[in-house]
Amino acid sequence: MNVTAIRAGFLTSVQDLGRIGLREFGISLGGALDAHALRVANLLVGNDESAAGLEITFGGLRLRFADERIIAWCGGDFAAQIGATALPSGHPGLVRGGEEFFIESPALGCRAWVAISGGVDVPVVLGSRSADLRAGFGGANCRPLRDGQEFPLGTNARRSQTLIEKLRNQKVAPWKPPHDWSSTARRESTLRFIRGGDSNRFNASALEHLTTEAFVVSPDSDRMGVRLDGRALERSSDVDLLSEAVAPGTVQVPPSGKPILLLNDCQTIGGYPKIAHVITVDLGIAAQLRAGDRVRFREVLLVDAHRALSEREHDLEQFRHGIESHFK
């Protein structure tokens, strides 16, 4: 079955968990900028966690469904509806054939991840259905969705069909994941980081400024990275560096001294010195940053980063077990 994007919104693309293991060939990771949010949304509708969904930037999306589906979304402070029924973040909802789902502009944050039972069934390219918008491959016709475009959905799994039957009367499930998982935007964002491999190439004041000053998100930001305006982070020398591997979360500092926080569509190597690396658990917060937002940084140890990720994975496993009764 297909679904139609009556209105595609500002920037909506098909994303899953990305192209893992191809960075040595120059292929960006890509995928949902908040992989955890997409995993949670997929669990809510009965999909495999890696199923492809939609990443919405600044809302404006309106979908019309041809058959019954379970839909759920996680992300910023958006208002979403199935027909005339509100669909809050983190709550699975039933969409009937012919009904429409729409999500408006956010009051806070800028992105949401929508999971649809059966998953978005576009072709797999290099192990992923994600749209690489810079390279021009993957996704739905290798580009963001356009008004009036149809795209295919997979078959509802047995788990999803069970939930469809349960929601025929109430339409929206009363249960949801933890608030911080389904509503990921923050008014005062603080990103935890560990020191980068080139932190010793900066003046002593640079790390102090990084941890004590607020930075403002530049309009010149996208899925490749978040450019930050604020006090310049000065290097101790201007020696040219050989390009080295970078990854989502790396904070590079070009000659201007204004840091760039790399996101999923970033290049695989870079020559700017790396002053810091934002921890994996906080990349979902970074994904909600939009122009004009203020953000701060807080240094942690590598063991703290490992612990935060381990605890979240443990909590996610508990959540998987906790929702099983809703699919039986």
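Residues numbered from 1 in each chain as written. Predicted model: local features only at pLDDT ≥ 70, side-chain atom pairs only at ≥ 80, totals over all residues. Heavy atoms only, no water.

1. Regarding helix H2 (residues 158-166)
To be explicit about the condition: Each residue is assigned to one of three classes by its accessible area relative to the maximum for its type, calculated with a 1.4 Å probe on protein chains only: buried under 20%, partly exposed between the two thresholds, exposed over 50%. Helical segments are the DSSP runs of H or I of at least four residues, strand segments are the runs of E of at least two, and each set is numbered from the N terminus. This arc describes the spread of directions from the helix axis toward the C-beta atoms. A contact between two residues is defined here by any heavy atoms of the two lying within 4.5 Å.
Buried within H2 are the following residues: Ser160, Leu163 and Ile164. The arc enclosing the buried residues of H2, seen along the axis, measures out at 105 degrees, which places them on a common side. Against the buried residues of H2 lie helix H1 (35-45), strand E5 (69-77) and strand E8 (93-95).

2. Details of the state of the cysteines
We count it as follows: Whenever a pair of cysteine sulfur atoms sits within 2.5 Å, that pair is classed as a disulfide.
Scanning the model with the defined rule gives zero disulfides in all. There is no disulfide at Cys74, and the cysteine sulfur nearest it, in Cys110, is 15 Å away.

3. Points about the packing of H1 against helix H6 (residues 302-322)
We apply this condition: To obtain an axis, a line is fitted to C-alpha atoms, over the contacting stretch when the element is a helix, and the angle between two such axes runs from 0 to 180 degrees between their N-to-C directions. An angle below 35 degrees is treated as roughly parallel, one above 145 as roughly antiparallel, one from 65 to 115 as roughly perpendicular, and anything else as oblique. For this scheme, ten residues count as nonpolar: Ala, Val, Leu, Ile, Met, Phe, Trp, Tyr, Cys and Pro. Four count as charged, namely Asp, Glu, Lys and Arg, and the remainder, Gly too, count as polar.
Relative to each other, H1 and H6 sit at 10 degrees, their axes nearing to 11 Å. Relative to H6, H1 is oriented roughly parallel. For the pair H1 and H6, contact is made by His36, Arg39, Val40, Leu43 and Leu44 and by Arg312, Glu313, Leu316, Phe319 and Arg320, respectively. Class assignment of the residues belonging to the contact of H1 with H6 gives a composition of five nonpolar, one polar and four charged.

4. Regarding the packing of aromatic side chains
In plain terms, the rule: Aromatic rings from Phe, Tyr and Trp, with only the six-membered ring used for Trp, were paired whenever their centres fell within 6.5 Å, and each pair was classed as stacked if the ring planes differed by under 30 degrees, edge-to-face if by over 60, and tilted otherwise. Only when the NZ atom of a Lys or the CZ atom of an Arg is both within 6 Å of the ring centre and within 35 degrees of the ring normal do we say a charge sits over the ring.
This structure, assessed with the given rule, holds six aromatic pairs. Pairing Phe10 with Phe58 gives two aromatic rings, centres 5.6 Å apart and planes at 80 degrees, and the pair type is edge-to-face. Highlighted residues: Phe10 in the loop between strand E1 (2-8) and strand E2 (11-15) and Phe58 in the loop between strand E3 (53-57) and strand E4 (61-65), separated in sequence by 48 residues. With relative accessibility at 62%, the residue Phe10 sits in the exposed group. According to the relative accessible area criterion, Phe58 is partly exposed, its value standing at 31%. Aromatic side chains Trp181 and Phe319 sit 5.9 Å apart centroid to centroid with 85 degrees between the ring planes, which places their arrangement in the edge-to-face category. Of this pair, Trp181 sits in helix H3 (residues 179-182) while Phe319 sits in helix H6; the two residues are 138 residues apart in sequence, bridging distant segments of the chain. Of the two residues, Trp181 and Phe319, both sit in the buried class. Ring pairs connect the aromatic residues Phe193, Phe215 and Phe297, which therefore count as one cluster. The ring of Phe327 carries the charged tip of Arg159 above its face, separated from the ring centre by 4.2 Å.

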